[in-house]
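In case you want the letters, here they are:
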Amino acid sequence: MPNKVESNKNYPTITKSDEYYKVALELIPAQTQTLAKGTGQNIKGVAPKYLQRGNKVVPNAESIRYSRGGADVVSGAVRVARAYTGRNKVLCCGYHGWHDWYIAVTDRNKGIPQAIQDLTFTFSYNDIQSVIDSIDEDTACVVLEPYVFEEPKDNFLQKLRDVCTKNGTLLVFDEMWSGFRIALGGAQEYFGVNADLACFSKAVANGMPISILTGRKDVMSLLEQEVFFFNTFGGEALSLAAAKATINEMIEKNVPAQLAKQGNKLKIGYNKIAEELGMNYTKCSGFDCRTIVTFDSSAGNPLEMKSLVQQEMIKRGILWGGFHNMSFSHSDSDIEYTLKAYREVLPILKKAVEENNVIGYLRGEPVEPVFRKVSNFNMKPKKK
Ligand SMILES: Cc1ncc(COP(=O)(O)O)c(C=O)c1O
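For every chain, the first residue of its written sequence is number 1, and the numbers climb from 1 along that sequence. Predicted model: local features are reported for residues with pLDDT of at least 70 only, side-chain atom pairs are reported and counted for 80 or more only, and whole-chain, interface and lining totals are derived from all residues. Each side-chain value is worked out from all heavy atoms of the structure, with water and hydrogens disregarded.

### Description of the site of the ligand
Here comes step 1: Any residue with a heavy atom lying within 4 Å of a molecule or strand is counted as near it. Around the ligand, the structure places 12 residues, and the nearest of them are Gly70, Ala71, Asp174, Trp177 and Lys202.
Here comes step 2: Taking Trp177, its side chain carries an N or O atom lying 2.9 Å from an oxygen atom of the ligand.
Here comes step 3: Areas reported as accessible are Shrake-Rupley estimates using a 1.4 Å probe. Residue values count occlusion only from the protein chains shown. Summarising the interface, the protein chains cover 78% of the accessible area of the ligand, which totals 390 Å² for the free molecule.
Here comes step 4: Residue composition of the shell around the ligand, grouped by class: 4 nonpolar, 4 polar and 4 charged. The term polar contact refers here to a pair of N or O atoms within 3.5 Å; inside protein, the definition further demands a hydrogen-donor-capable atom paired with an acceptor-capable atom, and it admits residues adjacent in sequence only when both atoms are side-chain atoms. Gly is placed with the polar residues, together with every amino acid not listed as nonpolar (Ala, Val, Leu, Ile, Met, Phe, Trp, Tyr, Cys and Pro) or charged (Asp, Glu, Lys and Arg).

### Describing the environment of Ser178
Here comes step 1: Comment: elements are numbered from the N terminus, with helices defined as DSSP H or I runs of at least four residues and strands as E runs of at least two. Turning to its location among the elements, Ser178 is positioned in the loop between strand E5 (170-174) and helix H7 (186-191).
Here comes step 2: Between the C-alpha atom of Ser178 and that of Lys202, which follows or precedes it by 24 residues, the distance is 9.6 Å.

### Side note on the pairing of E5
Here comes step 1: Within E5, 5 of the 5 residues are buried, which leaves it mostly tucked inside the rest of the structure.
Here comes step 2: Between buried and exposed lies partly exposed: a residue is buried under 20% and exposed over 50% of the maximum accessible area for its type, with that area taken using a 1.4 Å probe on protein chains only. With burial as the criterion, each face of E5 is covered, one bearing Leu170, Val172 and Asp174 and the other bearing Leu171 and Phe173.
Here comes step 3: Of the strand pairs in this sheet, strand E4 (residues 139-144) and E5 are connected by 4 bridges, and their pairing is parallel. Paired with Leu144 across the two strands is Phe173, which belongs to E5.
Here comes step 4: Read from E4 through helix H6 (residues 156-167) to E5, the crossover connection turns out right-handed. When DSSP locates at least two bridges between a pair of strands, those strands are taken to pair. Orient the strands so they point away from the viewer, and a crossover whose first-strand-to-second-strand path over the helix runs clockwise is right-handed.

### Let's talk about the packing of aromatic side chains
Here comes step 1: Classification of ring pairs uses Phe, Tyr and Trp, with its six-membered ring standing for Trp, and accepts pairs whose centres are within 6.5 Å; under 30 degrees between planes counts as stacked, over 60 as edge-to-face, and the remaining range as tilted. This structure, assessed with the given rule, holds 12 aromatic pairs.
Here comes step 2: With a centroid separation of 5.6 Å and an interplanar angle of 85°, the aromatic rings of Tyr190 and Phe287 are classed as edge-to-face. Separated by 97 residues along the polypeptide, Tyr190 in helix H7 and Phe287 in the loop between strand E8 (282-285) and strand E9 (290-295) bring together distant segments of the chain.
Here comes step 3: The exposure class assigned to Tyr190 is partly exposed, which follows from its relative accessible area of 42%.
Here comes step 4: Phe287 gets classed as buried once you look at its relative accessible area, which sits at 11%.
Here comes step 5: Ring centres of Tyr270 and Tyr342 lie 4.7 Å apart, and the angle between their planes is 85°; on these two criteria the pair is classed as edge-to-face. Placement of Tyr270 in helix H10 (residues 255-276) and of Tyr342 in helix H12 (residues 332-354) is noted, with a sequence separation of 72 residues between them. The exposure classification of Tyr270 matches that of Tyr342, with both residues buried.
Here comes step 6: Clustering of aromatic rings is evident, with ring pairs tying together Tyr147, Tyr190, Phe191 and Phe287.

### Focus: the sheet that holds E4
Here comes step 1: Judged by pairing direction, the sheet is mixed, and its 7 strands sit side by side in the order E1-E7-E6-E5-E4-E2-E3 without closing on themselves. Each edge of the open sheet carries a strand with a single partner, namely strand E1 (63-67) and strand E3 (120-122). In this sheet, adjacent strand axes meet at a mean angle of 20° when their direction is disregarded.
Here comes step 2: With 3 bridges joining them, strand E2 (residues 89-93) and E3 adopt parallel strand pairing. Opposite Cys92, over in E3, you have Thr122 as the bridge partner. The axes used here are C-alpha line fits, helices contributing only the stretch in contact, and every angle between their N-to-C directions lies in the interval 0 to 180 degrees.

### Quick notes on H12
Here comes step 1: One less than the residue count of a helix, multiplied by 1.5 Å, gives the span that helix is expected to have. With 23 residues, H12 extends 33 Å from end C-alpha to end C-alpha; this agrees with the ideal 33 Å at 1.5 Å per step.
Here comes step 2: Among the residues of H12, Ile335, Thr338, Leu339, Ala341, Tyr342, Val345, Leu346, Leu349, Ala352 and Val353 are the ones counted as buried.
Here comes step 3: Where H12 is buried, its residues touch H10, E9, helix H11 (302-315), strand E10 (323-325) and helix H13 (358-361).
Here comes step 4: Immediately beyond the C-terminal end of H12, within one or two residues, lies Asn356, with a positive phi of roughly 55°. Whether two residues are in contact is decided by their heavy atoms, any of which lying within 4.5 Å being enough.

### Considering the packing of H11 against H12
Here comes step 1: Orientation of H11 relative to H12, taken along the N-to-C sense of each, is 135°, at an axis distance of 9 Å. One finds that H11 runs oblique with respect to H12. In this structure, H11 meets H12 at a crossing whose hand is right-handed. Residue-level contacts link Met305, Leu308, Val309, Glu312 and Met313 of H11 to Thr338, Ala341, Tyr342, Val345, Leu346, Ile348, Leu349, Ala352 and Val353 of H12. Our angle categories are set so that under 35 degrees counts as roughly parallel, over 145 as roughly antiparallel, 65 to 115 as roughly perpendicular, and the remainder as oblique. Take the far helix as the reference: if the near one is turned anticlockwise from it by less than a right angle, the crossing is left-handed, and if turned clockwise, right-handed.

### What to know about the nonpolar core
Here comes step 1: Buried Ala, Val, Leu, Ile, Met, Phe, Trp, Tyr and Cys residues form a nonpolar core when they are joined through side-chain atoms within 4.5 Å. Residues Phe123, Leu144, Leu160, Phe173, Phe180 and Leu349 are the most contacted members of the largest nonpolar core, which totals 76 residues.
Here comes step 2: Residue contributions to this core peak at 9 residues, all from H12.
Here comes step 3: In this document the domain limits rely on a domain assignment from an automatic tool or a database. Two domains share this core, each providing at least three of its residues, namely domain 1 (55-253) and domain 2 (255-361).
Here comes step 4: Apart from the residues lying within four places of it in its own chain, the contact partners of Leu160 are Phe123, Ile128, Val131, Val142, Leu144 and Leu171.
Here comes step 5: Counting 29 residues, the second-largest nonpolar core is a separate cluster that includes Val90, Ile103, Val219 and Leu223.

Okay, structure coming up:
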């Protein structure tokens, strides 16, 4: 339907827009996601500024900016952290998207200048010493997925917080997976540790393309002028509306509790079947909302074992990737059906392992390893 265009007798009153603008002045550095559509492009007092109320479930979200992809906001966080600290180096742990500063540390880093590669290093999850060994006076930020599958041990996240604070380095949580899943406020809420900046996407809009950078106002305020972080579709309204609707639904239905409940059934169920079959070389682990099935190399090639389980699960109608990424729509019957399939598939794996011939059961090439390493690669040489 075309827009309804009418000639007004008077200029419009924009009171509501100005109310939103006041909120945005507090929450959104530069008050826009696309510079060309920013408030500076509108006649003050006449043109509405098209602003929306901010988003309250995330701890420490004193300030907010939106974008489209996950890598956008993590790179935004790194850039603003560099600007705030006046430092260059980044320590990271986990996966953070396709941009140069991160891909530099992986084995797919062709096309990234050496000067960029020299600025990012990794550290090992749950190994605070690996951070202490690498952090220095030029470290702008420590970026990590607050957990992937392994639980933080020995107060790791709080220790990381303390090491960063002591060194004047910003702590950035990449909450693409943990945000709105382990708790509405993500890992910051669940573990009670505040990052300086936090990045969200994925679950927040139920699959619509939006990503969100939140954090300390004094850091984020650099996005007003000094640090450039704008893109054409940054304020695309459909995804913002989807995020708003999704968050309301999550609050109303306490979605994280439901994900944990259903995920726990799968985790416990899988481990029970494996135990009953005496297959101590496979287990399901991780926080309930997102668990992983692993295979121990003592029993054979883990990728071949994973491939066989995938092949047999697909035969039973389940497109299986090796982890249970829970969604609110996973019903009791979905869980029961999946466990029934495991009850049929795991004995096949057991037989293949006992015959030392998993590869012989495969009808295609085994799955390939991913490059998502979280430890022991591109570590910074120890300080002398
Ligand atoms: C933890 C994490 N950070 C960043 C990203 C990058 O997000 P995108 O692919 O939307 O740029 C991903 C994507 O899978 C992710 O899992």
